Every structure is written in C-alpha cells, then in structure tokens.
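Fold and contact review
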Amino acid sequence: MAQRGSNLTSESISCSICLDLLKDPVATSCGHNYCLDCIQAHWDVEDLKRIYSCPQCRKTFTLRPVLEKNVLLAELVEERKKTGLQAAADDHCYAGAEDVACDVCTGRKRKAVKSCLVCLVSYCDNHLQPHYDVAPLKKHQLVEPSKNLQENICSHHDEVMKMFCRTDQQLICYLCSVDEHKGHETVSAAAERKQKQKKLEESRLNIHQRIQDREKDVKLLQQELEAINVSADETMEDSEEMFTQMICLIQKRSSELKQQIRSQQEAEVSRVQELEEKLQQEISDLKRKDAELKQLLDSSDHSQFLHDYPSVSALSESTHSSSISICPRRHFEDVTVAVEELRDKLQDVLRDTWTNISLAITDVDVLLLEPEPEPTTRAGFLKYSREITLDPNTAHRRLLLSDGNRKVTFMSQQQSYCDHPDRFTDCWQVLSKESLTGRCYWEVERRGGGVNVVVSYRNISRTGSSDESRFGYNDISWALYCDANSYRFWYNNTSTLVSGRPSPRIGVYLDHRAGILSFYSVSETMTLLHRVQTSFTQPLHAGVWLNYESTSEFIKLE
C-alpha cells in the first residue's frame, strides 16, 4: 500500500472542484473522483434543470446519481497525508539557509543543536552524543549553535582565545598575553565573564526593579485615566444640567417680562382708550352746542333770541385739562434699556467667569512634568508674544487712551468717560482687556515720569486709594516701578530695590501654570531685572500706573 501511495502525485488524488486532497472521495459512473461535499454542492445547483453533469467530462445524467465512497482511494489519500507529514518532519531536521549546520554531517547536513568552544565545531543530535558519553569530551564547553566559532581563534597565532586583556578590552590567546599584550592586565576569559556576568545580573536586577516601578506607574496611569474619564463625564453632565437651569431661569424671566409688558400694555391702552372716548364724547357735545349757538346767532327774531339765550349760553365745565402732555420715553423704551444693561452685565460676568472656567479646565494636569525652561533670547520670548490692548472701561479719568488703546498718557484734565463699575476712581491706572494664561510675553515702553508695569487679577478693587485698589499694594497684583534712574518691585505693600541699567522698554514674561513672572530690561540685549515664583489662582491682566507727565505704550510685537 505504501509503495502504491508513493507513486501517486498530489494531482491524481485531488478534487477537480476544490483543488485540494480528496475528502470522503466518491466516484461517478464515468470514472471521475470528487469530494462528496463538492459534487453534491455542484449538483444542488443543477437541481432546477433536472439534468446533472460531470464537471470533468460533461457527461449528463437524467437522474441524480447515487454516490458511494471510494474506499481504496480514501486509503491512498490517508497514506499520502501520513507520508507528507513524515517528509515535512524530516525536512525540519535539516539545516536551512538561516540555520547553523552540523560540521560533521556529510551530504545533506542536519541542524546543529550545540557548538563546542573547545572543538570549535557545531554538532547535530547524532554527532553530539560523544560529548555526553566520552569522559574527556564531557569537559568541553557546549553553547547554543553559533556561526561565529572562528571568531574565538586568534588570527596571529591560530590558537583558541581563552584570555581577556582588560587593558585593551579584547579576547586574546595565551601567546598574545606574553607577546603583544605583555605587561597588560590579563585574566582568563572565564574570570572576565564571571565579573561581567555579575554586572549584567546587577543590571538585570535594576531592569526588573524599573519594570516593577513602570508597571506600578502604568497601573496608576490606568486608574487615573479611568478617573479622568469618569470625572469628565460627571462634570459634563453637571455642567449641562446647570446650564439648562440657567437657560430655564432666563427663559422664565423672559416669559415674566413679556407677561408684565403685556399686562402694562393692556392697562395703558385701556386708560388711553377710556380717555379718548371721553374726549370724543366731549367733542361731540361741543359740536352740538356750537350748532345751537350758531342757530341762535343766525335768528333774526329779537324776541325769540332773548327768550332762548339763557338756555344755550351757559357752557358746562370740561372734566379734563385743556391739553394732554405726553412724557418722552414713557412707553417701554426704559425696559429695553434695562434689559440691555442686564445683557451687558451678563456678558461681563460670562467673560470673566468663562476665563476662570477655561483656566480650571486647562489646569487639569495629572502628570507632574517639569515646566518648559524660560527662553534665553528675545527671539525665544517673541514666540510667546501677546498683543495687549487696554480696557477703556477701567481707565482712570486722568488717563487718555490712544493708538488703538495700546497707548496711555497722563492728562492734567479729566477725560469725559462714562460711569462704569470697572473704572478706577482714585488710582491713575488701567488694566488690559485680555486675560492672560499659559505662556505670554509683552513689552511696555515708557516716556516721561515714573511708571508701574503691572500684572493683576481682574477682581482688584476699583475704588479708593487704599491698599486694595493700588497696584503692588496687595496680594493680587505685582508691579515693577520704573523711572529714569532706578527700578523697584512692589508686592503686598512691600517694595524691593531692583538693580539694573535703566531702559525705556520693559519686557514681561508670564508662565501662568508654572507660576513664573519675570521682568526684563530690553535694549540690544535682554537683562533680567526681577523674577517672581508663585502660584497664580486666577487669570491675570496686564496694566500700568502712571505718574505726572508720563506715557506708556504696549508695543505691537512682530
């Protein structure tokens, strides 16, 4: 059977439909063989035509043929499978292009399983056996199969390199140790390996410890990731609910306002209509009276005139004043003004609080990473430049804004600014419109008298000349005072003398998250004047305080 099976090719015992080895082989009456499932599926398609054909010779059958298993062919297929598996197993034992071949095998070489560092030969299982049985060979050092055994042979002396030169950090043979490497620190390769192996083991311990540490970090990060996702989802739900409540409140107030307007409209319309009806009635009465008087006047009968005069001459007093005055803007314009004022206040609140909300979002930073270093050149600072514009609603009335609200000048006469709750009433100072977070840089150029270059929280007091409202005299503002001769830093009503060459231009660098605020003198070079390291809890605003006859300008940086 085995001999018959070995003479068969794969094609001769393959199904012509699926092109694979036959599975449950069956034969048709025309002598062709197929897998049982393949031929059945083929004929299932032809059921509608009621004519069945052989896929190979196209012979047709009017009745669907009854198929029987081809036992002999099935046995040949099974034998073929076993033979193929054995051949594959045999092929696996032989060396391929990527394998280390046995140096002892002749003809087709088998895979080496070990290499001997003494014999400098690689062996397969069969040829390695003497190294396990022969006493002298048992002392040889066996390693995993290697293609680089010749690297262990000294190229100068053709000897096995069993020594290691620590001076030159290389393997050498014994003759090298008394020749080229004479006087060097040399040890046996085994001793050097033992020392280096100890270091490697220490390195592995260190690696294992680091792996454990990193696995703990990964676990911590995974927990933090889950916590971030849960917190974000909960915050979104809570925020959406609160915004919905605010929208509902505004809609409720809008509905109440509409109802009040309509109610007042109806009341006023009723009053006006009632008065109009009375006036119309009075007009009608007067017209009738006028007609009676005219008729009497036109009468030519003196006796009749005198007789009727007493009854028509008397006029009844009017129940209303002689004229009606309409007060301007007494309809509903004042309501519109009040709603506009409410809208503006809401916009201000949303602007300020939205910055705080955005800052709270960006402050969600679970990874305690080192902050980016502060730039060292002006070009580096300019990467973070911010254009600063001053808020007219905060400017003291002695300060005149110009050049797109980037320049401010102290004036002897007060300016005609309208009243505003954000305006500084006593201190000659002004804040920027922009709130500052993240990394920012700007420059201020001064002329004339002394100037305070400032950063401050927006909620600094606007009234009074006390510590609560003056820049640098409280714990929510930081001010660098600059004049022609010196610098002085002010914070929380405490001043610090700052050394540095006076310059008309000051650069300010802010890293809000890192809590860094730095003031620089800007000329041909940048000189650090003063640096603050703190923790900012709110967005900051740039600002200035001006003395008599002074001017400051926030430079538009390119």
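In what follows, the structure referred to is the one given above.
We now turn to the structure provided with this report. (Residues numbered from 1 in each chain as written. Predicted model: local features only at pLDDT ≥ 70, side-chain atom pairs only at ≥ 80, totals over all residues. Heavy atoms only, no water.)

1. As for the overall build of the protein
Scanning the protein from N- to C-terminus turns up eleven helices and 23 strands. Considering only C-alpha atoms, the protein reaches an extent of 170 × 100 × 35 Å along its principal axes. Counting the 558 residues in the protein, one finds 28% classified as buried. Long-range contacts, defined here as pairs at least 24 residues apart, represent 54% of the contacts in the protein between residues at least 6 apart. (Helix = DSSP H or I, 4+ residues; strand = E, 2+ residues; numbered from the N terminus. Buried < 20%, exposed > 50% of the residue type's maximum accessible area, 1.4 Å probe, protein only. Contact = heavy atoms within 4.5 Å.)

2. Structural notes on the pattern of salt bridges
In total, this model carries 26 salt bridges according to the counting rule given. Between Glu 374 and Arg 531 there is a salt bridge whose closest N-O contact spans 3.2 Å. One end of the pair, Glu 374, is in the loop between α10 (333-362) and α11 (378-382); the other, Arg 531, is in strand β21 (residues 526-533), and 157 residues separate them in sequence. For Glu 374, a relative accessible area of 18% translates into the label buried. By relative accessible area, which is 41% here, Arg 531 ends up partly exposed. In this structure, Arg 397 and Asp 419 form a salt bridge, with 2.7 Å as the shortest nitrogen-oxygen distance. Here Asp 419 lies in the loop between β12 (407-410) and β13 (429-431) and Arg 397 lies in the loop between α11 and β11 (399-402), a separation of 22 residues in the sequence. Residue classification places Asp 419 among the exposed positions, given a relative accessible area of 67%. (Salt bridge = Lys/Arg side-chain N within 4 Å of Asp/Glu carboxyl O.)

3. Quick look at the sheet that holds strand β5 (residues 114-116)
Here we have three strands laid out as an open sheet, ordered β6-β5-β7, and antiparallel in their pairing. This sheet does not close on itself; its edge strands, each paired only once, are β6 (121-123) and β7 (142-143). For β5 and β7, the ladder comprises two bridges, and the chain directions are antiparallel. Within β7, the residue paired with Cys 116 across the bridge is Leu 142. (Pairing = 2+ DSSP bridges.)

Geometric descriptors of this kind do not, in isolation, establish any biological role.
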